[in-house]
Structures are given as C-alpha cells and as structure tokens.
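# Structure at a glance
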Amino acid sequence: MNRRKFIKNSAASFAAFTIVPSYVLGGPRHIAPSDQLTKAIIGVGSMGQGHIAYPGARLVAICDVDKKHLNDALGKSPKGTKTYHDYRELLQDPAIDIVHIATPPHWHGIMSVDAANAGKDVWCEKPMTRTIGEGKRVREVIQQNERMFRLNTWFRFKDNFYGMNTTVKPIKKLVESGLLGWPLKVTVNAATGFNWKFFWVGKTVLDVQPVPQQLDYDFWLGPAPYKPYNPHRVHQTFRGYWDYDGGGLGDMGQHYLDPVQYFLGKDHTSPVRIDVDAPEQDPDAAGTWKRIELTYEDGCKIILDGENRDTNAAYIEGPKGKVFNGFRTTIPDLDKKLAAMPDPEPQLIDFAQAVKTRQKFALNEDNGFRSATLVNLAIIAVRLGRSLEFDPVKLEFVNDAAANALINQPMRGPWSI
C-alpha cells in the first residue's frame, strides 16, 4: 500500500468512527440514556430543601432570595453546589438539565416559562400556577420548546390516597368498569378522608415591620403587587394571601383533585359550572368557604365540602353503587371483579427516564394544567362569592367580565409571562 492510499483509507476509517456530539442528536443538551442528569433548585425553604434528596439527578445549584434559606440548604447539599440570588443567572448555566421550582405559587408560571425558554426541563411544585392564564402560558411554552414537565403531586400514580387507604389504581379500575354507573359525584371532605386546611388563612390587619436583612423582599414579591412587609406574608404563611396562593384550596387542592380528574377521565376538559357557598372574602387575605360544586358537561360533580356537612358522604357515588372512606364499597365481591378487569393505561412515573427518552411524565403540562384549573376555578368562585359558567374549550367564563379579569391578572413591572 503506497502512502497516498494509506492516508485515504485511514481518513475513511477515522470518519466512520467519529463520535458525534450529543447536541447534534437531539437539540440543546440532549441527554444520552447513560448520562447522569443534573438539577438545580429555585426556592430552598422547607419545601425546596425536600427536593435536595429527590432521586434521578445530581444537584449542582440552588437559588433563593433569602440568605438564611440559601445557607441552610447549602449545608445539606453536595460539596461544590453553586448558589444564586437571581434565578435568571442560574438559568444561564448550560450544565443544568432540570430546574426544580419550589417557590411560592405566584412565581411558578414565570419561572417555568423562563426555564423552558432557557432549554431546561421543569419539575414544579403544586399548584402548577396561581392563575388559569399563567397555566395556559406554561403549557404553550413547554410544548413550543419541547421540554419535559413534571408537577410535584404524585397521588394519581403512587402512594395511598389519603383516607382511601389504597392507591388510585383500583379506584380508576372501578370507575372504568362501569360498576358504579354514570355520572358520578365525588365528595371531598373530612368524612371521606380529605380535610381542608383552613388554618391557611390570611390576616386582615398586618402591622408594617422592617424587612429582615437576609431577605430581598422586593424580589420575593416579584410580580405580585407591592404590600408593606410583615412576616405573615412570607415563608409558609404566604398561603393565606390571594397575591401569592389560595389558602387551603391552593395548598391542598391539586393533591386532592388531580387524582379525581384522572379517574373520572377528565384530563382534557374542565367543569362548565362552579357553584359556591362562602362568606364574603377580604380582597387581600384568603378566608374559609363552606361548599363548592364543580360540574362537568356530562353531569359528573366534584363536591368540596369545607364545612364537613356531609358526615355520611360516600367518596364516590353513582347510580349503581358507592365508594366510602377506606375504599369500602357497596359493590359485592369487588376484589374478584376488579381482578378480572384490565389495568389502567400504564404511566411513565420516573422523571429522569422522561427527560432521557423525551416521553411525557405521568403528570405533565397538559393534565397538570387541567387539574390546576380545577383549583383556580374554585378560588375565583370563592373570591367573587357567586356561581360561574365556564367554557372549557375557550378557557374563559361565559358573559362574566369580573371572573375573566381573574384569568390573566396584572403583574408588577418588570415581570411578565
């Protein structure tokens, strides 16, 4: 073989074995199945620190506008974890694959959109967003950027579902079997195993106090209207104020209602009517409520019984049978009947696998948006104190300007979504 032929053959062999960079194979930050994922956490208070140990990715960065939270979380994080005050700087790091958002809900929408636009996959705390409009925008941007999204409530696919003493899987099988008939009524109250957290209420009178040195209060408020500082507005008790959350509804609503939406087969629609019995609400502080009824077009109802009025209520009631607390039913030989029935469609419940394979996680931007909308419909009805009609296709209230004004609420400059 002469020198020219040797060089030609060697070049061809080298070309055949050239390793193609991973980003060529699948867009920005394509993750090969064997690669280790990395994650960052925005918001490392009590809830955010729980995300440190979540499996599937290596923690490389944390962010918080409270220096105490940041220092506490850093002490529980792997050596070398970076710290940030401004989440926008964190999002510029190309080494981060997944961003966990564990801030108060008034930040969920903006941060999810910004993370998706930065090419990150998103693991977001519940509720998905504080408003219907923000949820719609998150869904759009996640899909436009072909990002993976996980909402952090898991009862539709694992763990005992509160007072039912079972996972949701056999409940889903029972509903799909038709043994209960149709339409169905679901009652969520203490008697059925789901007590509403009415201790998450705001205070109508708050004295103005100096902002602690370690807290960037203006950044904590972000898109929310400016209100003078009081410690009851921030860190856990923020749940009691409409600007940041929605009281017990905002805190527990998606935990309680997302599995109901799933087993009723309503992942792609929303109720058409919301009826409410609640005292007049303060414009700032979230209060309690007595009863909320969410009715779908086919007649299915979800009853939120805040007073625990229905002490003997079935959790699920249909024309042919009932299901009570502890998964006790009026259907004879239920175990044998369920065993003979097909299981529900399988769900992808490993977010790391979803990120690597680019297959949707079980609770994602689509169905998560719809269950967040259940919560936000109920909150809007409570705040306005009257019944509402809703178009689940147009995602707007029917002939109700005041209700529609709460779908897309103004943000304090310079924030927008």
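This structure is a prediction, so every number in the text was calculated from the model and none was measured.

Each helix and strand counted, the protein has 14 helices and 15 strands in total. A compact globule built from 417 residues should have a C-alpha radius of gyration of about 22 Å, and the protein, at 24 Å, falls within 12% of that. Viewed in the frame of its principal axes, the protein has a C-alpha envelope of about 90 × 65 × 45 Å. Looking at the protein as a whole, 53% of its 417 residues qualify as buried. Restricting to contacts in the protein with at least 6 residues of sequence separation, those with at least 24 account for 66%. Of the side-chain charges in the protein, 51 are positive and 47 negative, and the distance between the mean point of each set is 7 Å.

Next up on the list: the pattern of salt bridges. Within this structure, the stated rule accounts for 30 salt bridges. Between Arg147 and Asp121 there is a salt bridge whose closest N-O contact spans 3.5 Å. A residue pair is termed long-range when its members are at least 10 positions apart, and Arg147 in the loop between helix H7 (132-144) and strand S6 (149-151) and Asp121 in strand S5 (residues 121-124) qualify at 26 residues. Residue classification places Arg147 among the buried residues on the basis of a relative accessible area of 10%. Taking the relative accessible area as the measure of exposure, Asp121 reaches 3% and is therefore buried. With a closest N to O distance of 3.0 Å, Arg273 and Asp275 form a salt bridge. In the salt-bridge network here, residues are joined through shared partners; they are Lys126, Lys197, Arg239 and Asp251.

What follows concerns the UniProt feature "domain: Gfo/Idh/MocA-like oxidoreductase bacterial type C-terminal" (unreviewed entry) in the protein. In this structure's numbering, the residues bearing the UniProt feature "domain: Gfo/Idh/MocA-like oxidoreductase bacterial type C-terminal" (unreviewed entry) are residues 164-417. Split by type, residues 164-417 is 27% helix and 13% strand. Its first and last C-alpha atoms lie 38 Å apart.

Next up on the list: the state of the cysteines. Taken as a whole, this structure holds 0 disulfides when the rule is applied. For the unlinked cysteine Cys63, the closest cysteine sulfur is that of Cys124, found at 14 Å. By relative accessible area, which is 0% here, Cys124 ends up buried.

Attention now goes to helix H13 (residues 365-384). Compared with an ideal rise of 1.5 Å per residue, which puts 20 residues at 28 Å, H13 spans 27 Å between its outermost C-alpha atoms and is within 8% of the ideal. Within H13, 17 of the 20 residues are buried, which leaves the element mostly enclosed by the surrounding structure. Taking the backbone nitrogen of Asp366 as reference, a side-chain oxygen 2.9 Å away marks Asn364 as the first, capping residue of H13. Among the residues trailing H13, Gly385 stands out with phi positive, at a value near 70°.

Let us look at the packing of H7 against H13. The N-to-C vectors of H7 and H13 enclose an angle of 170°; their axes lie 9 Å apart at closest approach. Judged by the inter-axis angle, H7 sits roughly antiparallel to H13. From H7, Ile132, Gly135, Lys136, Arg139, Ile142 and Gln143 reach across to H13, where they touch Glu365, Asp366, Phe369, Arg370, Thr373, Asn376, Leu377 and Ile380. Along the lines of polarity and charge, the residues of the contact of H7 with H13 split into 5 nonpolar, 4 polar and 5 charged.

Scoring rules and cut-offs
- Residues numbered from 1 in each chain as written.
- Predicted model: local features only at pLDDT ≥ 70, side-chain atom pairs only at ≥ 80, totals over all residues.
- Heavy atoms only, no water.
- Helix = DSSP H or I, 4+ residues; strand = E, 2+ residues; numbered from the N terminus.
- Rg over C-alpha atoms; globule rule 2.2 N^0.38 Å.
- Buried < 20%, exposed > 50% of the residue type's maximum accessible area, 1.4 Å probe, protein only.
- Contact = heavy atoms within 4.5 Å.
- Lys, Arg positive; Asp, Glu negative; His and termini not counted.
- Charge placed at Lys NZ, Arg CZ, Asp CG, Glu CD.
- Salt bridge = Lys/Arg side-chain N within 4 Å of Asp/Glu carboxyl O.
- UniProt positions renumbered as here; feature names shortened; annotations may be inferred.
- Disulfide = S-S within 2.5 Å.
- Expected span 1.5 Å × (residues − 1).
- Polar contact = N/O pair within 3.5 Å; in protein donor to acceptor, adjacent residues only side chain to side chain.
- Axes fitted to C-alpha atoms, helices over the stretch in contact; angles between N-to-C directions.
- Parallel < 35°, antiparallel > 145°, perpendicular 65-115°, else oblique.
- Nonpolar A, V, L, I, M, F, W, Y, C, P; charged D, E, K, R; others polar.

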